[in-house]
Amino acid sequence: MLSGILRRVGRRLLASIPALFGVVVVTFVLMRVLPGDPAVFFSSGPSAGKEEIEELRRTMGLDKPIPVQLVRYLGEVATGNLGRSMTTGQPVVADMTRRLPASLELTCTALFIALLFSVPMGVAAALRPGTAVDHLVRMLCTLGVCVPTFVSGLLLIYAFYYLLGWAPDPTGRIDIFAGAPPDITGFFLIDFALKGDWEGWWAAFSQLLLPACTMALFVLAPLARMTRASMLAVLGSDFIRTAHAMGLSRLRIIVAYALRNALLPVLTITGIVFSTMLGANVLVEKVFSWPGVASYALDALLASDYAPVQAFVLLMAMIFVMVNVTIDVLYGIADPRVSVA
């Protein structure tokens, strides 16, 4: 079974190479046709002379035709060289490696919180369709979608930090008066736990909670609605009616039979939601001063810094591919009737 799964994963990864190639090419071309000249931006300012700007353009390789630049860039990507950020002066790979754990930690925590609440909400709404519980779940889902993340984030900061004083200062991953953990994995919660510093772990978790809840509110709706729709479809199936006729307990029917089958579509939407969250959490990162890859890419885009933006889009495409492959494999394990070949 393991060898079969590995073969399927390998085939999926090979099939994704053309898509990744297309993402690299389209992103590269779009960055070149957008308004703004990075050579002018990173020169010494309005007083910069034409010779200085041209020299910087030659240094950045922008004096060559776009097809020549593209071929050169593809060769660098093939060797793992994603360029150097003109904003930070560091290799893009180093910047992304340092910032990616922050984004992943925020996204994974937010997704866990969203699943923790959305699945029970969807199940409760499906068990009582048309009742006050169902209408309440629908209202909460609509509210979560309609309120932008930066608005909900600011409201949470105002309520829990400014009014109640329960939350810490929303400025980054750790309080300015607390020491950072040893750089083991880059995930503060894991690094503090490995060190055994539970006071530091709680400080990092406290900083993480508000931005994670902000993101969780936004993705609560699709997860809860999918759970409700899938649960309603399963509850109307013949095998559920047969289980009732056999005299099985209601709790066993709901948990062991209905919920298990209803979670399969939820598993699929979870992968899509995770990929979307990782790339779309830029507003949350900006509101909470979270040092993630999305805010890093936005700063680079505003500065016409090509390399970080191109690397960010490529990273998101690769993560999307990996998440979808993982979901396909888990789907096949959860339901052996489904082939992931």
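**Q** Would you take a moment to explain the overall build of the protein for this structure?
**A** Scanning the protein for helices and strands turns up 14 helices and zero strands. The order of α-helices and β-strands along the protein, N terminus first, is α-α-α-α-α-α-α-α-α-α-α-α-α-α. For the protein, the spread of C-alpha atoms along the three principal axes comes to 85 × 55 × 40 Å. In the protein, which comprises 341 residues, the proportion classed as buried is 41%.

**Q** Is there a simple way to explain helix H9 (residues 198-235) in this structure?
**A** Because each turn of an α-helix spans 3.6 residues, side chains separated by three or four positions end up pointing in the same direction. Taking 1.5 Å per residue as the helical rise, H9 with its 38 residues ought to reach 56 Å, whereas the 44 Å between its terminal C-alpha atoms falls clearly short. The axis of H9 is deflected most strongly, by about 40 degrees, at Val219, and proline Pro222 appears within four residues downstream. The N-terminus of H9 is capped by Asp197, whose side-chain oxygen sits 3.5 Å from the backbone nitrogen of Glu199.

**Q** Mind showing me how you'd approach the packing of helix H8 (residues 188-195) against H9 here?
**A** When two helices pack together, you describe them by how their axes are tilted relative to each other and by the distance separating the axes. One can describe the packing of H8 onto H9 by two numbers: an axis separation of 8 Å at closest approach and a directional angle of 170 degrees. Relative to H9, the element H8 is oriented roughly antiparallel. Residues Phe188, Leu189, Phe192 and Ala193 of H8 pack against Trp198, Gly200, Trp201, Ala204, Phe205 and Leu208 of H9.

**Q** How do you make sense of the nonpolar core when you look at a structure like this?
**A** The nonpolar side chains of a soluble globular protein tend to be buried, and buried together. Of all hydrophobic cores here, the largest spans 53 residues; its most connected members are Met96 and Ile319. Excluding its chain neighbours within four sequence positions, the residues that come into contact with Ile319 are Leu100, Phe274 and Leu278. Counting 11 residues, the second-largest nonpolar core is a separate cluster that includes Ile240, Ala243, Ile253 and Ala258.

**Q** Looking at this structure, I do not really get the pattern of salt bridges. What am I missing?
**A** Where side chains of opposite charge bring their charged atoms close, a pairing between them can arise. Overall, the coordinates contain seven salt bridges when judged by the stated rule. With a closest N to O distance of 3.5 Å, Arg138 and Asp134 form a salt bridge. Residue Arg138 and its partner Asp134 are located together in helix H6 (residues 132-146), separated by four residues, close to a single helical turn. With relative accessibility at 39%, the residue Arg138 sits in the partly exposed group.

**Q** Just checking my understanding: could you explain the environment of Ala124 for this structure?
**A** On the secondary structure map, Ala124 appears in helix H5 (residues 92-127). With 190 residues separating them in the primary sequence, Ala124 and Leu314 have C-alpha atoms 40 Å apart.

**Q** I'm lost on the packing of aromatic side chains in this one. Help?
**A** Aromatic ring pairs are defined here through the distance separating the ring centres and the angle between the ring planes. Across all of its chains, the model carries seven aromatic pairs by this definition. Ring geometry for Phe188 and Phe192: centres 6.3 Å apart, planes at 80 degrees, overall edge-to-face. With a gap of four residues between them, Phe188 and Phe192 both fall in helix H8, about one helical turn apart. Cluster of aromatic residues (ring-pair linked, three or more members): Trp198, Trp201, Trp202 and Phe205. Its end group placed over the ring of Phe188, Arg173 keeps NZ or CZ at 3.8 Å from the ring centre.

**Q** Could you clarify how one ought to interpret the side chain of Thr149 in this entry?
**A** Positionally, Thr149 belongs in helix H7 (residues 149-163). A residue is classified by how much of its surface remains accessible, and Thr149, at 14% relative accessible area, is buried. When neighbours within four sequence positions are excluded, Thr149 is seen to be in contact with Thr214, Phe218, Leu283 and Val284.

**Q** Would you explain the packing of H7 against H9 in this entry?
**A** Direction vectors running N to C along H7 and H9 enclose 140 degrees, while the axes themselves pass 9 Å from each other. Judged by the angle between their axes, H7 and H9 are oblique. By crossing handedness, the relation of H7 to H9 is classed as right-handed. Across the interface between the two elements, Thr149, Ser152, Gly153, Leu156, Ile157 and Phe160 from H7 touch Leu210, Cys213, Thr214, Leu217 and Phe218 from H9.

**Q** Help me out: how do you make sense of the environment of Arg99 in this one?
**A** You can see Arg99 is positioned in helix H5. Along the primary structure Arg99 and Val293 are separated by 194 residues, whereas in three dimensions their C-alpha atoms are 5.4 Å apart. Discounting chain neighbours no more than four positions away, the residues touching Arg99 are Pro291, Gly292, Val293, Ser295 and Tyr296.

**Q** I would appreciate a short explanation of H8 in the present structure.
**A** Buried within H8 are the following residues: Phe188, Leu189, Asp191 and Phe192. The buried residues of H8 all sit within an arc of 165 degrees when viewed along its axis, so they share a single face. Of the residues flanking the end of H8, it is Gly196, one or two places downstream, whose phi is positive at about 80 degrees.

**Q** Please explain the side chain of Glu105 as it appears in this structure.
**A** By the element assignment, Glu105 lies in helix H5. Using a relative accessible area of 7% as the deciding quantity, one classes Glu105 as buried. Apart from the residues within four sequence positions on either side, Glu105 is in contact with Arg173, Phe187, Phe188, Leu189, Ile190 and Leu208.

Reading guide: rules and limits
Residues numbered from 1 in each chain as written. Predicted model: local features only at pLDDT ≥ 70, side-chain atom pairs only at ≥ 80, totals over all residues. Heavy atoms only, no water. Helix = DSSP H or I, 4+ residues; strand = E, 2+ residues; numbered from the N terminus. Buried < 20%, exposed > 50% of the residue type's maximum accessible area, 1.4 Å probe, protein only. Expected span 1.5 Å × (residues − 1). Bend = angle between axes of the 7 residues up to and from the residue. Polar contact = N/O pair within 3.5 Å; in protein donor to acceptor, adjacent residues only side chain to side chain. Axes fitted to C-alpha atoms, helices over the stretch in contact; angles between N-to-C directions. Parallel < 35°, antiparallel > 145°, perpendicular 65-115°, else oblique. Contact = heavy atoms within 4.5 Å. Core = buried A, V, L, I, M, F, W, Y, C linked by side-chain atoms within 4.5 Å. Salt bridge = Lys/Arg side-chain N within 4 Å of Asp/Glu carboxyl O. Phe/Tyr/Trp six-rings, centres within 6.5 Å; stacked < 30°, edge-to-face > 60°. Lys NZ or Arg CZ within 6 Å of the ring centre and 35° of its normal. Left-handed = near helix turned anticlockwise from the far one by under 90°. Arc of directions from axis to C-beta.

By themselves these figures say nothing about function.
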